[in-house]
Amino acid sequence: MEGKFEGDMGSHNHNPCVEIAMEIHKVETPPKRSSLQKISNRLKETFFPDDPLRQFKGQSTKQKWILAFQYIFPILQWGPHYNLNLLKSDVVSGLTIASLAIPQGISYAKLANLPPIVGLYSSFVPPLVYAVLGSSRDLAVGPVSIASLLMGSMLRQEVSPTLDPILYLQLAFTSTFFAGLFQASLGFLRLGFIIDFLSKATLIGFMAGAAIIVSLQQLKALLGITHFTKEMGLVPVMSSVFHNTKEWSWQTILMGFCFLVFLLVTRHISIKKPKLFWVSAGAPLLSVVVSTLFVFVFKAQHHGISVIGKLEQGLNPPSWNMLHFHGSHIGLVLKTGVITGIISLTEGIAVGRTFAALKNYQVDGNKEMIAIGAMNVVGSTTSCYITTGAFSRSAVNHNAGAKTAVSNIIMAVTVMVTLLFLMPLFQYTPNLVLGAIIVTAVVGLIDLPAAYQIWKVDKFDFVIMLCAFFGVIFISVQEGLALAVGISIFKMVLQMTRPKTVVLGNIPGTDIFRNKHQYKDAVTVPGFLILSIQAPISFANSNYLNERILRWIQDYEEEETKSHSDLRFVILDLAAVSAIDANGVMFFQELRRVLEKKGVELVLVNPVGEVMEKLQKADGTHELLQPNNLYLTVGEAVSSLFSSMKVVSC
């Protein structure tokens, strides 16, 4: 029967001299390429998978220059087509996110142990830079909780923000400079794949752990404690809370609890009804206004309610002279810059891509890295600390109907007006309301549905997630992250060094071969051991593969005494082997010699271009790639070899 095996190949009832007809296709040799062409193609696929130069093909010189400027400055691409209708939408969304950015900026700066005014500075300059260089229409730029926490916890290990505030501020700006330089370098050198080492499981665990640590830190403000631990772990924080019960202020607790409940309720309303996004967007600013008026009218600062105090008025002062490139702390700022840079970059790009997918447009990852890096480099010279695209503000920006990055410009202008004229109004803002705003913002970072999904899909990833979570809570923020990344890399190395190999069987009545463990109907073909290798073969796994295949052969030989069927052929399906190195070539040669001593033939099926090419170069005696040992499909190999077995037996 053409194209199918005649009956069950495991059966011995059919005529042994019947020849199974099937057309045998030749395995083609890949076209020859020079070493320079191979290297060029590999570099292109590694660093330029998106082929950014394709838009310049066939264009005039003038048009190429225009496209180049539009590529570097995306605002030149959509700016000429901007109109009044787009402006109306962007003004509404810009004012909306400004109402959220102002209280969050002040709150997150305190989380990083920086003066509150620095948080507002960081909501003014970076959004303007991003509006020119960024490719996302929805990303709302500013300080974020996790990067603020990381910077605060890492810098405070060596420098006290209270005992030496000037040096601490210098280190914060310098860390921001290095973070931006690192981020922009990743974009320029097209090394964005580095941030892919932060897996989804790692990020979910890290974000959840950091959210809990951030929330626990706010107990100082929400309880009115003055002597609070500087450590970030769960145990020292809770110990500090309960060892200082005498400092608890019932006025602070009552007021803080009321605002926290109000903010959580407004957040819940906006989640349930996205059209009411303005409820949660305006709630933080409303809380700041109401609490400030309450403190001012009732003189609550004299009754146990701590306030921000006087804030400087005016735009960002230059800070390029505060960048600290020498001394004993250079290692600290480099480490802080790289870690906060990676975390903020990962968050910003993930947020940008999320909303781009909702609106069906693309975000260029490398351009985003350059944009985020540039705004942090510029920010570090204008009294700003680390910024990126925040999920909460971007969600509000998206729901408010933002059409372009002009919404960031509107937000920045609103912050500018606040810096110039409204700063005295924040003098009586209580710290407790800032703590409540932070808790409400970071609660959304705890993603229980995603954690449950990871548990269902991959238990190893769930363990990685738990390591990140408990590492952040019980050890430290940066060490918990490092632990999770380390385990993720270990998992990747484990998958590389222990590739999956499966035994294939024939689906009765067809020429299809599938995993016998997955397809219970698949049957063994007498005299054949058919294996599928499902990973590239390299120095890291060639020894394991050799041992594993020999073990498969031993298992077959143990069973053959029961079935009275001698092993004649070992067929390796190489369709999933995308690459091979010198050790991999030696693996095939050694395996062929071992099998030859046992009287067993090694047959290769469907080697891809690179694998075929390297095997040909190494097979000088043409013993490995003989025509009767190389086939396009497993079905053709079994059909041809099974027919030759029958002819011999006849």
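Basis of the calculations
- Per chain, the residues get numbers from 1 upward, laid out in the order the sequence is written.
- With the structure being a predicted model, the display of local features is reserved for residues of pLDDT at least 70 and the display and counting of side-chain atom pairs for 80 or more, all residues being used for whole-chain, interface and lining totals.
- Excluding hydrogens and water, the side-chain figures rest on all heavy atoms present in the structure.
- UniProt positions are given in the numbering used here, feature names are shortened, and annotations may be inferred rather than shown by experiment.
- Comment: elements are numbered from the N terminus, with helices defined as DSSP H or I runs of at least four residues and strands as E runs of at least two.
- Exposure is judged per residue with a 1.4 Å probe applied to protein chains only, and the accessible area is read against the type maximum: over 50% gives exposed, under 20% gives buried, and values in between give partly exposed.
- Contact criterion: two residues are considered in contact whenever any of their non-hydrogen atoms come within 4.5 Å of each other.
- Two residue types count as positive, namely Lys and Arg, and two as negative, namely Asp and Glu; His and chain ends fall outside the count.
- To locate a charge, the coordinates of NZ of Lys, CZ of Arg, CG of Asp or CD of Glu are taken.
- Expected helix span is given by 1.5 Å per residue-to-residue step, counting one fewer step than there are residues.
- A residue's bend is the angle separating two fitted axes: one through the seven residues that end there, the other through the seven that start there.
- In protein, a polar contact requires one atom able to donate a hydrogen and another able to accept it; more generally it is a pair of N or O atoms within 3.5 Å, and residues adjacent in sequence count only if both atoms are side-chain atoms.
- In this description, strands pair whenever DSSP reports at least two bridges between them.
- Every angle, taken between N-to-C directions, lies between 0 and 180 degrees, and every axis is a line fitted to C-alpha atoms, over only the stretch in contact when it is a helix.

Going by an unreviewed UniProt entry, the chain carries the name Putative sulfate transporter 91 and comes from Helianthus annuus. The UniProt entry for the chain carries the following text under Subcellular location (unreviewed entry): "Membrane".

> Would you mind going over the overall build of the chain with me for this structure?
Check the secondary structure of the chain and you find 25 helices and eight strands. Along the first, second and third principal axes, the C-alpha atoms of the chain reach 105 × 65 × 55 Å. Out of the 650 residues in the chain, the part that is buried amounts to 51%. Summarising the internal contacts of the chain: among those between residues at least 6 apart in sequence, 79% fall at separations of at least 24. Across the chain, the 51 positively charged side chains and the 43 negatively charged ones have centroids separated by 12 Å.

> Just to check I follow, could you spell out the UniProt feature "transmembrane region" (unreviewed entry) in the chain for this structure?
UniProt feature "transmembrane region" (unreviewed entry): in the numbering of this structure it lies at residues 167-189, 201-228, 248-265, 277-298, 369-392, 404-426, 432-450 and 462-490. The distance separating the terminal C-alpha atoms of residues 201-228 is 32 Å; by composition the span is 79% helix and 0% strand.

> Mind showing me how you'd approach helix H4 (residues 84-111) here?
Helical geometry note: an α-helix holds 3.6 residues per turn, so side chains three or four residues apart project in the same direction. Between its first and last C-alpha atoms H4 spans 39 Å; for 28 residues at 1.5 Å apiece the expected length is 40 Å, and the two agree. Along its length, H4 shows its largest kink, about 25°, at alanine 101, and proline proline 103 lies within four residues downstream of that point. With a side-chain oxygen positioned 3.1 Å from the backbone nitrogen of asparagine 85, the residue opening H4 is asparagine 83. Phi for asparagine 113, located one or two positions after H4, is positive at around 65°.

> What should I look at first to understand the sheet that holds strand E8 (residues 630-631) in this one?
Remark on secondary structure: sheet strands pair via backbone hydrogen bonds, oriented parallel or antiparallel. Across the sheet, which stays open at both edges, the six strands sit in the order E4-E3-E5-E6-E7-E8 with mixed pairing between neighbours. Strands with a single pairing partner mark the edges of an open sheet, and in this sheet they are strand E4 (513-515) and E8. Here strand E3 (residues 501-506) runs beside strand E5 (residues 528-533); their pairing, made up of three bridges, is antiparallel. Across the sheet, valine 502 pairs through a bridge with serine 532, a residue of E5. Across the sheet, helix H23 (residues 582-597) is in contact with E5, strand E6 (569-573) and strand E7 (601-605); its angle to E7 comes to roughly 145°.

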